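A structural walkthrough
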Amino acid sequence: MRVLKFGGTSVGTVDSINQVIEVIKSRVKEDEEVAVVYSAFGGVTNRLIEIGNMASNADIEYQDHLHSVEERHFNAIRGLIPVKQQSSLIAQVKGLFNKIEDLLRGIELIQEISPRTLDLLVSFGERLSTTIITAAIKEKGLTAQMLDTREVIVSDSNFGNANVNFSTTNDNITNYFKENKAQVTCITGFIARNIDGVTTTLGRGGSDYTASIFGAALTASTIEIWTDVNGMMTADPRKVKNAFTIPKISYAEAMELSHFGAKVIYPPSLTPAFQKNIPVKVLNTFEADHEGTLISRESPKKAYSITGISSIDDIALVNVQGNGMIGVAGVSARLFSVLAANKISVILISQASSEHSICFAISPKDAKEVKSLLEEEFAVEMSHSDIESINIQEHLSVIAIVGEGMKASSGTSGKLFGVLGQNGVNVIAVAQGSSELNISVVIEKKNISKALNAIHERFFNVDGVTLNLFMVGPTGLIGKTLLRQIHQQKAYLKKNKNLNLKLIGLSNTRQMLIDAEGIDISKWKEELKERGEKTNLAEFVGDIQTLNLPYSIFIDNTADKNMVQFYYPLMDASVSIVTPNKVANSGPYKDYKKLQDIAKARNVKFLYETNVGAGLPIINTLQGLIEAGDEIHKIEAVLSGTLAYIFNNFQMGKSFLQIVKEAKEQGFTEPDPREDLSGMDVARKILILAREIGLELEPEDVTIEPLLNEACTKAASVEDFYTELDKDNDRFEKLLLEADALDKKLRFIATLENGEAKLGLRTVDKNHPFYNLAGSENIIAFTTERYKHNPLVVKGPGAGAEVTAMGVFADIISLSSLLN
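The rules we used
- Residues numbered from 1 in each chain as written.
- Predicted model: local features only at pLDDT ≥ 70, side-chain atom pairs only at ≥ 80, totals over all residues.
- Heavy atoms only, no water.
- Helix = DSSP H or I, 4+ residues; strand = E, 2+ residues; numbered from the N terminus.
- Rg over C-alpha atoms; globule rule 2.2 N^0.38 Å.
- Buried < 20%, exposed > 50% of the residue type's maximum accessible area, 1.4 Å probe, protein only.
- Areas by Shrake-Rupley, 256 points an atom, 1.4 Å probe, with all protein chains shown as cover.
- Lys, Arg positive; Asp, Glu negative; His and termini not counted.
- Charge placed at Lys NZ, Arg CZ, Asp CG, Glu CD.
- 1 Å grid on protein atoms, 1.4 Å probe; cavity = no way out; pocket = protein on both sides within 12 Å on 5 of 7 lines; lining within 4 Å.
- Points joined across faces, edges and corners; volume = space filled by probe spheres on them.
- Nonpolar A, V, L, I, M, F, W, Y, C, P; charged D, E, K, R; others polar.
- Pairing = 2+ DSSP bridges.
- Axes fitted to C-alpha atoms, helices over the stretch in contact; angles between N-to-C directions.
- Contact = heavy atoms within 4.5 Å.
- Salt bridge = Lys/Arg side-chain N within 4 Å of Asp/Glu carboxyl O.
- Parallel < 35°, antiparallel > 145°, perpendicular 65-115°, else oblique.
- Left-handed = near helix turned anticlockwise from the far one by under 90°.

In this section: the overall build of the protein chain. Check the secondary structure of the protein chain and you find 30 helices and 29 strands. Expected size for 820 residues packed as a compact globule is a radius of gyration near 28 Å; at 37 Å, the protein chain overshoots this value by more than 25%. With 820 residues in all, the protein chain has 51% of them scored as buried. By element, 48% of the accessible surface of the protein chain is carried by carbon and sulfur atoms, the whole surface being about 36100 Å². Charged side chains in the protein chain number 84 positive and 102 negative. The centres of these two groups are separated by 4 Å.

This is how it looks when you write it as C-alpha cells:
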C-alpha cells in the first residue's frame, strides 16, 4: 500500500486535477492499491472561513461569494466529467452546497461562528473536492471509492486543532481496508469526528497529517506528499533564487525546517510516519518526473555542513527581565504555564546565563494578550521591582539553519554570525539546542531577504559569492575604464574564484538606472540610455537602501564634493564604499573620522586606495606596516604624476613654459595647469597619509611652498598665466642650473615627519631613491623602525585612467576575500 496526498495547489484547476489523476494512474501500475488524500480546491478553505465570518456579521453578500465557490466546483465537474455523466454528480455536489447554505443561515441568525461550527463549515472543502475527484478517477477507468475520514478518524473536541485517538483510529482504518477493496481509495484530508460524531479538524496542514495517519495505520511502503515545488528546498525559493532541492533529509531535520516556516510539509504530519519508520517523499505535481525529497530516519552524508535554512517572517519578541529573577526557582514554570493555559504558542526561547532575563518569540497577533497576561501573573514581582519590565519588540523575523552535519563540523556558528555581521545584520536573540541540529537567530524583519540570501550563498556556495555593485560616474574616464575592466575579467573571476560581479545600479549627471536583476555590463551605455530615468541622487541612494541586497558596494568614480553626503546613509545601511574621490578623506578631520567610525560600527568597508597613488598599493602598504606593529618615522613622496612628468623632463634647452604645455598636451594636467602646479592635490594626498598614521591634521596644517609666483597664480586666464610663467622662466632655469651643478635633480616632494606635513620643490642626489624617476612615475618612501636604514619604497605609474580604474577594481575584489 502506498499513500499519496495532494495539496490545494495540486487540485486547484481542471488541468492540475487531470495531472493528479495521471500521477495516480502511474502509481496504480506499480502498486495494486493506493490510498489518496485530498485537500480542498486551492483557496477554498480560506474562502469558506471568510464567508462564515461575513454571515456571522449579517453581511448578506456572503451568498454571492458562496455562489462563486459553488460555480467553481460545477465548472470543475464540467471540465472533468462527460456531459452524460454530470447530472448525478452535480446533484450530489448541489446537496453539499445546500447543507452549507443551511449552516450559514444558522450562523447569520445567531450572528456567531463558534470553533465547532467553523470546523463543520470548512470540512465541506475536502468533502467537495474528494467527491468530484473520485468521480473523475472512475471516468478514467480505475475502480475508486470515497472515504469520508469522519468514518474512521476519531479525535477529541479541541475544535480547530483536534488531537487524534490513535488506538481507535488505527483499528478503524485497518478494518475499513480489510472490508473495502479498490484500486484507489479517495480520502478527505483535514477532517475527523469526536466520540459524539461531531465534525472536527486537525489544524493547519491537517491533510498532510491525515496522510501520515493512514500511512502509519496501514504500514504503507511510502507516504507521498504532492505539492507545487520540487521537494523540500535549502531555502524559500521565493526569497532565495539559488535555493535547490534537498534530495534526502532526516525526520529530525525535516521537523526543524518545517517548524521554522518551511511550509512544504506540516511538522506533526511526520510524527506517525516517524514512529513507524515509514519514508515520506515530497514531490511536485507539476514536475512529476522530479525525484523530490526523501524524508527518512537516516541522515545521509551531505556535501554541506547544514541541510537547509528556514525562516518565520513576522514574529514578536517578549523580554522579561529583572534582578529578582536571578536564582529564583519557578519563574520560567509560571511564565510558560500562563502561556500554555491561554493556548499561546512559543516559537523560540532564549535565556541569559545570569538568569537576569528570559526572552521568547511569539506570533505578533498574540503580543498584546501576552503582555497583559504576564503583567497580571507577575504583578507582585513588578510592584517590588523584582521584575523590572516586560518588553515586546515587533517587526522581527527568525532564521534557523538546520542540519545534522553541524555536529561534525566546527565553526558553523562563527560562519553564521560572520556572514550576518558582514552584511550589517544585527542579531537580537539566539537559540541553539544541545543536539546541535538547529541554530536560530532573531533579526529585524527588514533584513530577512538579505540575510537569507547571504547565509545561503555562504553555506551552499551554489553559484559563488555575488558582489552587488552600484556606480556613480560611469561615463567619466575612470568609470568607463573600470566597467570595461570588469566586463573583461568577469569570466575569469567566475571560473577561478567563483565570484560574481553584478552591476545593479548606474548613475551619471543625466540619467540613473537600478535593476535588481542586474544590468548587462557589455551594454551598459544602451541600457542606461534606453531604460534610465532622470538623475536624482537622493532617490538613487534611497533605492539602494530599500533593495538592501547582501554584499552591496557603492563605487564613486566622481570628484564631486557633494557626493560625500551620501556616504553616511549608505554606510549606515551596511553598504561598503570604494572610491578614488579624495574629498571625503581630505576635508575637515571630523568628517574623515565620522566616516571611519561609521565603517567600524557598521562593519562595512570604506576603501580608497586610489586616493593617493592611483593603482599603487600605498595605503594598503602603510596600513600593513602599522597593523604589524611598525612605527612610522618619516614619509617622503612624489605624489603627482603631472609634477613628476614636468620635473623629469625639465632640462636645459627647454623653457619651463614649454614643459608645462607639453604636459598639458600629453593629458597630464587639468585644463588649467595651475591646479596641478598649486600642489593642492599633493597636499590632499599627504594629508590622507597623515591621517592614516593617526595624526589629526586639518587641510590648513599642510605647509605648501608655492611653485608659482603671485602673478602666475592671479592671472585672469590660462593664456595670461602662460605669459606670466614665461616671464618667470629665469627663476626656474636658475633652480635647474644649481641642481645640475651639484649633479642633483629637481623633485616636487611631500614630506611627513615629526607630525608635520610639508611639500615643495627639493633637490635629490644620486643616492636618493627619487633620483632616477622617469615619465609620470609616483614614488613613496617609508622610513620606519624596521626600515630605518633602507626605506621601503613603492614606485610606479601614479596617474592615468587604466591604473586608477585598476586600483578601484582591486579594492572591489579585495572585499570578496572578507567573505571566506
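Next up on the list: the layout of surface pockets. Of the volumes computed, that of the second largest pocket is approximately 1100 Å³. Residue composition of the lining of the second largest pocket, by class: nine nonpolar, 16 polar and seven charged.

Attention now goes to empty space enclosed by the protein. Across all of its chains, the model carries two cavities of 30 Å³ or more by this definition. Of the pockets and cavities examined, the largest cavity occupies roughly 40 Å³. Lys450, Ile544, Gln545, Asn548, Leu549, Ser552, Ala573, Ser574 and Val575 together form the lining of the largest cavity. When grouped by side-chain class, the residues that make up the lining of the largest cavity number four nonpolar, four polar and one charged. Within this model, the second largest cavity holds a volume of roughly 30 Å³. Along its surface, the second largest cavity is lined by Asp208, Ser212, Ile223, Ile225, Ile265, Ser269, Leu270 and Val280. Contributing elements (two or more residues each) for the lining of the second largest cavity: helix 7 (206-217) and strand 7 (222-227).

What follows is about the sheet that holds strand 29 (residues 792-797). Strand order in the open sheet made by the six strands is 25-27-26-24-28-29, with mixed pairing throughout. Where the open sheet ends on each side, the last strands, each with one partner, are strand 25 (702-704) and strand 29. Strand-to-strand twist in this sheet, taken as the mean axis angle between neighbours without regard to direction, amounts to 20°. The strands touched by helix 26 (residues 680-692) within the sheet are strand 24 (632-638), strand 25, strand 26 (745-753), strand 27 (756-764) and strand 28 (777-784), with strand 26 carrying the most contacts at an inclination of about 35°.

By the element assignment, Ile77 lies in helix 3 (residues 62-80). Discounting residues that sit within four places of it in the chain, Ile77 has contacts with Gln86, Leu89, Ile90, Val93 and Ile132.

Next up on the list: the pattern of salt bridges. All told, the structure shown has 39 salt bridges when counted by the stated rule. Residues Lys5 and Asp208 are paired through a salt bridge, measuring 2.9 Å at the closest nitrogen-oxygen approach. One end of the pair, Lys5, is in strand 1 (residues 2-6); the other, Asp208, is in helix 7, with 203 residues separating them in the sequence. For Lys5, a relative accessible area of 9% puts it in the buried group. The buried category is assigned to Asp208, whose relative accessible area is 5%. We note a salt bridge from Arg105 to Asp102, for which the minimum N-O separation is 2.4 Å. Of this pair, Arg105 and Asp102 both sit in helix 4 (residues 86-110), three residues apart, which is roughly one turn of the helix. Looking at Arg105, the relative accessible area reads 41%, which means it is partly exposed. Residue classification places Asp102 among the partly exposed residues on the basis of a relative accessible area of 44%. Look at the salt bridges and you will find they share partners, linking Asp236, Arg238, Lys239 and Asp313 into a network.

The next subject is the packing of helix 10 (residues 331-341) against helix 11 (residues 367-377). Each pair of packed helices gets described by two things: the angle between the helix axes and the distance between those axes. As a packed pair, helix 10 and helix 11 sit with axes 10 Å apart at the nearest point and diverge in direction by 135°. It follows that helix 10 is oblique to helix 11 by the angle criterion. Note that helix 10 runs across helix 11; the crossing there is right-handed. Where helix 10 approaches helix 11, its residues Arg334, Leu335, Val338 and Leu339 are matched on the opposing element by Val370, Leu373, Leu374 and Glu377. Each residue belonging to the contact of helix 10 with helix 11 can be placed in one class, and the counts come to six nonpolar, no polar and two charged.

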